[in-house]
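A structural walkthrough
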Amino acid sequence: MVVVLQPVPKCKTSSVLIPVVDLADPTSKTQIVKACEELGFFKVVNHGVRPDLLTQLEEEATKFFALSQSLKDKAGPADPFGYGSKRIGLQGDVGCVEYILLNANSHLSSTKTTAVFRKTPAIFREAVEEYMEEMKGMSSKVLEMVEEALGIEPKEKLSRLVKVKESDSCFRMNYYKEKEETQAKKEIGFGEHTDPQLISVLRSNDTEGLQICLKDGTWVFHLITLLSLFLSEILFRKNLNWNIWVTLQKPRKITIFRLRVMTNGRFKSVKHRVLTNTKRSRLSMIYFAGPPLTEKIAPLACLVPKQEDYLYKELTWSQYKSSGYKTKLGDYRLGLFEK
């Protein structure tokens, strides 16, 4: 199946000046907020994720995608967990991508997650589980810094959502196969979208393809993204709407973007997509940190004291997630919950 993006908006290939935040710097939390308000994403250094763990997981994931199609299909079709190819979601979206989606919550069973682990060596599962713990810690740490910078009360109002055992988190690996030739019309690897969870943490190899949409509507390539972290659209609303995207680069850098509902739109969700116009394969690994299904999401009273100023209705993560399954990839999902 060939998926063609038509027409392709003009895309700058020059690098964008992305703020770099050192997490060891006492002023880092203020820098994070400033970067999210002005640009919507940034890089962080000194995040503490072991480079050898990242390398090991990438190698093991690549081995899985190199298996015969018949073996990979035994771990699918995705429901949404498990192995999938080309089809993204339930509403007809497609892309030039293979993927694995795994349940990150050990307290919730998933037969398809188990099926993937049965087709891979034990070292793969061990690396996945360790990596997910690292990403869970990274997510909560960033949220704690946000809480401090914005003066959010009570303490851990945000960070606890990804720490509790009921948190609805998952882990996705996207594989974009190399192409023999670069065609005039670029193919869609993964179409334009924003992520729905509280935080998304992305790691990818050094193959280009990821594009970010700037405020003026211009798409730019994010050239080297060895690890990126996204704070997603569900957390803040208009004046509570934040995107943080983090990218880990050599030796230890991350770029962060995204959180939306709970700030009522103060921070913006950054649209992004992947185009497969390269002769090299691309592997992306994304940890989606989500709140418990029953968690109520609304603008934080400490940031938006008057309810008449709320731009969105109160909702639960389960309601938002269920509505998302009924929309196409590029749809504006929060529209149903606007006042």
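Higher on the page you've got the structure.
Cut-offs applied
- Residues numbered from 1 in each chain as written.
- Predicted model: local features only at pLDDT ≥ 70, side-chain atom pairs only at ≥ 80, totals over all residues.
- Heavy atoms only, no water.
- Core = buried A, V, L, I, M, F, W, Y, C linked by side-chain atoms within 4.5 Å.
- Buried < 20%, exposed > 50% of the residue type's maximum accessible area, 1.4 Å probe, protein only.
- Helix = DSSP H or I, 4+ residues; strand = E, 2+ residues; numbered from the N terminus.
- Contact = heavy atoms within 4.5 Å.
- 1 Å grid on protein atoms, 1.4 Å probe; cavity = no way out; pocket = protein on both sides within 12 Å on 5 of 7 lines; lining within 4 Å.
- Points joined across faces, edges and corners; volume = space filled by probe spheres on them.
- Phe/Tyr/Trp six-rings, centres within 6.5 Å; stacked < 30°, edge-to-face > 60°.
- Lys NZ or Arg CZ within 6 Å of the ring centre and 35° of its normal.

Comments concerning the nonpolar core
If you look at the biggest cluster of nonpolar residues, it comprises 40 residues, and the most contacted ones within it are L57, F65, F124, V128, F171 and M173. Counting only elements with at least two residues in this core, the list comes to α2 (51-65), β5 (93-103), α4 (111-118), α5 (122-150), α6 (160-163), β6 (170-176), β8 (199-204) and β15 (282-289). The element that contributes the greatest number of residues to this core is α5, accounting for 11 residues. In contact with F65, not counting residues within four places along its chain, are K72, Y83, E98, Y99, I100, M173, Y175 and L283. Y99, F190, I286 and L329 belong to the second largest nonpolar core, which has 14 residues in total.

A few points about the layout of surface pockets
In this model, the largest pocket occupies a volume close to 1,200 Å³. Around the largest pocket, the lining comprises 49 residues; the ones closest to its centre are I88, G89, L101, R172 and F190. Those elements that provide at least two residues to the lining of the largest pocket are β4 (82-88), β5, β6, β7 (188-193), β14 (272-275), β15 and α7 (317-324). Counting residues per element, the lining of the largest pocket draws most heavily on β4, at 5 residues. Taken as a whole, the second largest pocket encloses approximately 420 Å³ of empty space.

Points about the packing of aromatic side chains
Tallying each qualifying case throughout the model produces 7 aromatic pairs. Put simply, the rings of F64, F65, Y83 and Y175 touch in pairs and so form one group of aromatic residues. Stacked on the ring of Y99, the Lys or Arg R172 has its end atom at 4.0 Å from the ring centre. A cation over a ring is seen here: R273 above W219, with NZ or CZ 4.0 Å from the ring centre.

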